[in-house]
Each structure stands twice: as C-alpha cells, then as structure tokens.
Amino acid sequence: MAKKNQSVQAIRGMHDVLPEQSPLWQYAEKIIKDVLASYSYLEIRLPIVEKTELFKRSIGEVTDIVEKEMYTFDDRNNDSLTLRPEGTAGCLRACLEHGLLHHQVHRLWYYGPMFRHERPQKGRYRQFYQFGVETYGLAGPDIDAELILLSDRMWKKLGIRDKVRLELNTLGTTEERLVYREKLVEYFKQHIELLDEDSLRRLETNPLRILDSKNRDLKQLIQNAPELLDCMGEDSRNHFSTLTQTLDDLGIEYELNTRLVRGLDYYGKTVFEWVTDDLGSQGTICAGGRYDGLVEQLGGKENHAIGFAMGMERLLLLLEQLDDVPVERSVDVYMIRVGADAEKEGIRFAEQIRNEIEGIKLQVNCGSGSFKSQFKKADKSGAQYALIIGDDEVSRNEVSLKPLRVDQEQKNMTQNDIIQFLTESI
Ligand code: ATP
Ligand code: MG
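Residues numbered from 1 in each chain as written. Chains lettered and ligands numbered in written order. Predicted model: local features only at pLDDT ≥ 70, side-chain atom pairs only at ≥ 80, totals over all residues. Heavy atoms only, no water.

**Here we look at the domain arrangement of the protein chain**
Logical step 1: Structurally, the protein chain comprises domain 1 (22-173 + 232-319) and domain 2 (333-425).
Logical step 2: Each of domain 1 and domain 2 has a C-alpha centre, and these two points are 48 Å apart. (Domains from an automatic or database assignment.)

**Some thoughts on the packing of aromatic side chains**
Logical step 1: With the rule as written, the count across this model stands at 10 aromatic pairs.
Logical step 2: For the pair Y267 and Y291, a centre-to-centre distance of 6.5 Å together with 90° between the ring planes defines the contact as edge-to-face. With Y267 in the loop between β8 (255-256) and β9 (268-276) and Y291 in the loop between β10 (284-290) and α10 (292-297), this residue pair connects regions lying 24 residues apart in the sequence. For the residue pair Y267 and Y291, the accessibility class agrees, reading buried in each case.
Logical step 3: With a centroid separation of 5.8 Å and an interplanar angle of 35°, the aromatic rings of F371 and F375 are classed as tilted. Remark: F375 and F371 occur in helix α13 (residues 371-380); sequence separation between them is 4 residues, near one turn of the helix.
Logical step 4: A network of ring pairs unites the aromatic residues W25, W109, Y111, Y129 and F131 as a single cluster. (Phe/Tyr/Trp six-rings, centres within 6.5 Å; stacked < 30°, edge-to-face > 60°. Helix = DSSP H or I, 4+ residues; strand = E, 2+ residues; numbered from the N terminus. Buried < 20%, exposed > 50% of the residue type's maximum accessible area, 1.4 Å probe, protein only.)

**A word on the site of ligand 1**
Logical step 1: Neighbouring residues of ligand 1: 16 residues in total, closest R116, E118, R124, Y125 and R262.
Logical step 2: Between ligand 1 and the protein, one listed contact pairs an oxygen atom with a side-chain N or O atom of R116 at 2.8 Å.
Logical step 3: In isolation ligand 1 has 580 Å² of accessible area, and contact with the protein removes 89% of it.
Logical step 4: Residue assignment for the shell around ligand 1 shows that the elements contributing at least two residues are β6 (127-136), β10 and β11 (305-311).
Logical step 5: A per-element tally of the shell around ligand 1 places β10 first, with 4 residues. (Near = heavy atom within 4 Å. Polar contact = N/O pair within 3.5 Å; in protein donor to acceptor, adjacent residues only side chain to side chain. Areas by Shrake-Rupley, 256 points an atom, 1.4 Å probe, with all protein chains shown as cover.)

**As for helix α1 (residues 22-38)**
Logical step 1: Between its terminal C-alpha atoms α1 stretches 24 Å, which fits the 24 Å expected from 17 residues at 1.5 Å a residue.
Logical step 2: As for α1, its buried residues are in contact with β5 (106-115), β6, α5 (142-158), β11 and α11 (312-320). (Expected span 1.5 Å × (residues − 1). Contact = heavy atoms within 4.5 Å.)

**Details of the packing of α5 against helix α9 (residues 234-249)**
Logical step 1: It is at 9 Å that the axes of α5 and α9 come closest, and there the two elements cross at 40°. Comparing the axis directions of α5 and α9 gives the class oblique. Handedness of the α5/α9 crossing: right-handed. Of α9, the residues touching α5 (which contributes D144, A145 and I148) are H239, L243, T246 and L247.
Logical step 2: For the contact of α5 with α9, the class distribution of residues is 4 nonpolar, 2 polar and 1 charged. (Axes fitted to C-alpha atoms, helices over the stretch in contact; angles between N-to-C directions. Parallel < 35°, antiparallel > 145°, perpendicular 65-115°, else oblique. Left-handed = near helix turned anticlockwise from the far one by under 90°. Nonpolar A, V, L, I, M, F, W, Y, C, P; charged D, E, K, R; others polar.)

**Re the sheet that holds β5**
In any sheet, the strands associate via hydrogen bonds between backbone groups, in a parallel or an antiparallel arrangement.
Logical step 1: Read across the sheet, 8 strands follow the order β1-β5-β6-β11-β10-β9-β7-β8 without closing on themselves; strand pairing throughout is mixed. Each edge of the open sheet carries a strand with a single partner, namely β1 (42-43) and β8.
Logical step 2: Direction of pairing for β6 relative to β11: antiparallel, over a ladder of 7 bridges. Residue pairing in the sheet places V133 in a bridge with F308 of β11.
Logical step 3: Across the face of the sheet, α1 comes into contact with β5, β6 and β11 while running at roughly 5° to β6.
Logical step 4: Its contacts with the sheet put α5 on β5, β6, β7 (164-170), β9, β10 and β11, and the angle it makes with β11 is roughly 20°. (Pairing = 2+ DSSP bridges.)

**Re the sheet that holds strand β4 (residues 80-83)**
Logical step 1: As summarised here, the arrangement of the 3 strands in space is β2-β4-β3, forming an open sheet in which the pairing is antiparallel. In this open sheet, the two strands that pair with only one neighbour each are β2 (49-51) and β3 (71-74). Adjacent strand axes in the sheet meet at a mean angle of 35° when their direction is disregarded.
Logical step 2: Where β2 and β4 come together, 3 bridges link them in antiparallel fashion. Within β4, the residue paired with E50 across the bridge is T82.
Logical step 3: On the sheet, helix α2 (residues 52-59) packs against β2, β3 and β4 and is oriented at approximately 75° with respect to β2.

**Here we look at the side chain of D292**
Logical step 1: Here D292 is to be found in helix α10.
Logical step 2: Residue contacts for D292: discarding those within four places in its chain leaves N303, H304 and A305.

**So, the environment of D332**
Logical step 1: With respect to the helices and strands, D332 occurs in the loop between α11 and β12 (333-338).
Logical step 2: Considered as a pair, D332 and L422 are 90 residues apart in the sequence and their alpha carbons are 9.5 Å apart.
Logical step 3: Sequence-distant contacts of D332, defined by excluding residues within four places in its chain, comprise G359, I360, K361, A383, Q384, Y385 and I426.

**Focus on the packing of α2 against helix α4 (residues 88-97)**
Logical step 1: Between α2 and α4, the least distance of the axes is 10 Å, while the angle of their chain directions is 105°. As summarised for this structure, α2 and α4 are arranged roughly perpendicular, according to the angle between their axes. Side by side, α2 and α4 meet where L54, F55 and S58 of the first sit next to A89, G90 and R93 of the second.
Logical step 2: Considered class by class, the residues forming the contact of α2 with α4 number 3 nonpolar, 2 polar and 1 charged.

**Some remarks on a nonpolar patch on the surface**
Logical step 1: Together, I48, V49 and F73 give the surface a local cluster of nonpolar side chains, amounting to about 210 Å² of exposed area.
Logical step 2: Structurally, the position occupied by I48 is in the loop between β1 and β2.
Logical step 3: Residue classification places I48 among the partly exposed positions, given a relative accessible area of 33%. (Patch = residues over 30% accessible without salt bridge, like charges linked within 9 Å, V, L, I, M, F, W, Y side chains within 5 Å. Salt bridge = Lys/Arg side-chain N within 4 Å of Asp/Glu carboxyl O.)

**Points about the pairing of β10**
Logical step 1: Summarising burial for β10: 6 of the 7 residues are buried, a large majority.
Logical step 2: When β9 meets β10, the two strands line up antiparallel, connected through 6 bridges. Within β10, the residue paired with W274 across the bridge is C286.
Logical step 3: As paired strands, β10 and β11 are joined by 5 bridges and run antiparallel to one another. Directly across from R290, in β11, lies its bridge partner I306.

Written as structure tokens, this is what we have:
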C-alpha cells in the first residue's frame, strides 16, 4: 500500500491524455468522424462493461484475448463482467438486442477505450482507444471495398498515406477452413519438433493461428505451409477477385498476405490490415474483416457483417512523426484587462465578441496582474492577437489590438471595429 503522503499513480499501461496532447487527438478524431460522415455512417454508443459470456462466445475461448488479456471481475451480484477488450461483440449484441438486424442494413461506428491486460510497451497499452466501424446486412464484396476505401481516405486526410500499406487476404468459409485445418495440422505434425510451446498448444485448439505467430524461428516453416486458397471453392474465390478488381480499378495498392489470419476466430472471407514500418513491432494500426458467422454465434439469424477497428494511440504516434500537423489553436485572442473599470467592461465585451463571432476562441485574463505579466501570458497562450483594455480605453469606448505573431504596431480601435476586424481575420 502507498504511504499516506505519497500520491497515487495511474495503473500501468493506462495513460492520461494531457491538455497539451489533446488538440492532436481532437484533430485526428475530427478528420475520422468527418470521413465516416461522408460515407453516411452513424455513431452507436455502447457500454464499456459487458457480461463476460459475450466475449467468450464471440471472441472464442482459445484466443489470446480471452485466455489471458481480459479484465474480468464479479460485480456485487456475483455476475461475471468484463471491461470490453474490443467493440465488435458489444456492437453486434446491441444491434441484436434492439432488432436492428432484421432485414436491415446498417453502417455504424463507435469510439472509446478498450482494455486488455497485455505487456505495456510503445503502441501497446492496457487501456487504449479504438475507432470501430461495423456494417451489417451486406454480403459484399462491394461493402468490403467501401471499408477499405473509407480507411484509405482517412489516411490521406490525416497525411499518413505514405506511411501505411494495405495487406489483404481471404479466409474462405467455415467449411473451407475445416478442410484446410486438417491439411495444416497434418503439415505441422510432420514438423512437430520445430514448433514452440505456443504453437503446440494452438495445434490442438486453433491451428490457423500458428500462421499468425510472431516467433521468427517459425518463419520458414510457416512460409512453406499449405495454402488456404487451394481449399477454396468458386464463391469464395469470386468474392475475393471482385474485391481485388475493384481495388485495382480505383488504384488502391495492396499486398496479398496469405498468412494474415487475424487473432480472432470469427473472421471469414475478406480480412485486411493497414500496417506501418514506422512503429517497430506494433505495426498494425487498423485491422478488420468479414465475420458473417458471428451473428448466428451470438443468437441471431443468418446475416452478413464486416468491419474494422483502428488503434488511436498508434495513429497518434504516426501523426507525431509528421512535420507540421495543422492542429487548431486553442486561443485566438487573449484579453488583457488593467484596472477596475477595465475588468468589468472587459468581461462584458468578451461575451459580446463570443455572441457575434461564431467559433472564436477568446481567453480573458483572470486574476488581474500588471500589464507586463498579462502580456507575457498572452504571448505564451499562442494567441494571434491581444486585446488590451485599460481604464483609459474604457472611458474612450475603445480597445487596443496588438498582433502577437507578426511585428506590427498596437492600435486603438472602437469596439465595433474590433469585432469587424476579428470577424474577418480569425
Ligand atoms: P496486435 O497483433 O498488435 O496485438 P490485435 O490483432 O490484437 O493487434 P485487434 O484486436 O485487431 O488487434 O485491434 C485492432 C487495432 O487496435 C490494432 O490494429 C491496434 O491498432 C489496436 N490495438 C490492439 N491492441 C492494442 C493495445 N494493447 N494497445 C494499443 N492499441 C491496440
Ligand atoms: Mg493483440
């Protein structure tokens, strides 16, 4: 236990976003939301805590997430609850519960924190933010292409398009994967002496995930493994080739990565990841795929679903590498007030400015102080202009304006002229 006078610290792997960092977050969030709106996607807001059973049923018992990463606890009624490790299950749960999947099409997004008990490192945390995008009721492959186009547009708008590349694969249907699974098990059993502990376990539970192994010693073995594509029928092949044709037609480059199986069990047909080389081993900033089967697995009728999730912290790490990101100023105008009359008139005039100039960011100096010390604060605030009101100005019904970012003289203006001027220049 911490000593009495020691301050309490945050939980390892769970971070504060400090005020100086939040403009960059808001900048990225706004671009992402604007792109989603331009494709007519609607927001859905979901609980952060769900019944543990939901994740066991959807993500699968033998995945990293359910086996070792979930924050699970009993609440006061002894119900087992879990802090959501991802959003797909909760989103589908909500839509099933509210009857949104009945002969309907939905294009949805959500945003918020996810929780996984992983080893914290750069780009990998225990609480992290995801934007999730999910669509229901569409068999594709046109919607598959739309999701890729939409994410591609986000990277372009965020200025990181040249830092990421698209990896694409198809996992076929459940039946096709079963046939493949047998071939794969047979292959790995022939080389069983090469497998590590994790892979030996997966050989019994979920052999496809051996392909996902990050162990470099297995690289060659995995490279020579049989191909899923060889077990696929016409329907799966056509789905995939129509998707790749669309991407080709629209000039979206991709790499076919037949070892891309994604960590979760519920994917089928299209899967994709957007990957960067600029973040070390935490290189996937966005991952998604089709999960038609999950709808029935969670108690719904046969349906179609495809979506993706992107990790905001990894995205932010990429944005921080850019030279100039046009984040919004937090202060446009800083008001300096010196004298009792000026303090009173200043606060009134500031309200008038905010009434008349939509969106202006005006900070009023509070707590008095000399002209010099207030001016220093104005400069430090990053504001473009200082407005200066002293008792003299009040008696003349004037305000003084000083540009802070260019070398220009201070000038006295009437209040109306100030409003006119700021309207035009902010
Ligand atoms: P990884 O292979 O990196 O563990 P994952 O397959 O577990 O990723 P998903 O469940 O597909 O990840 O989550 C989608 C995205 O969310 C990831 O591509 C990544 O950007 C982000 N993400 C996942 N786990 C974390 C984490 N612990 N910390 C920060 N971001 C994460
Ligand atoms: Mg993971």
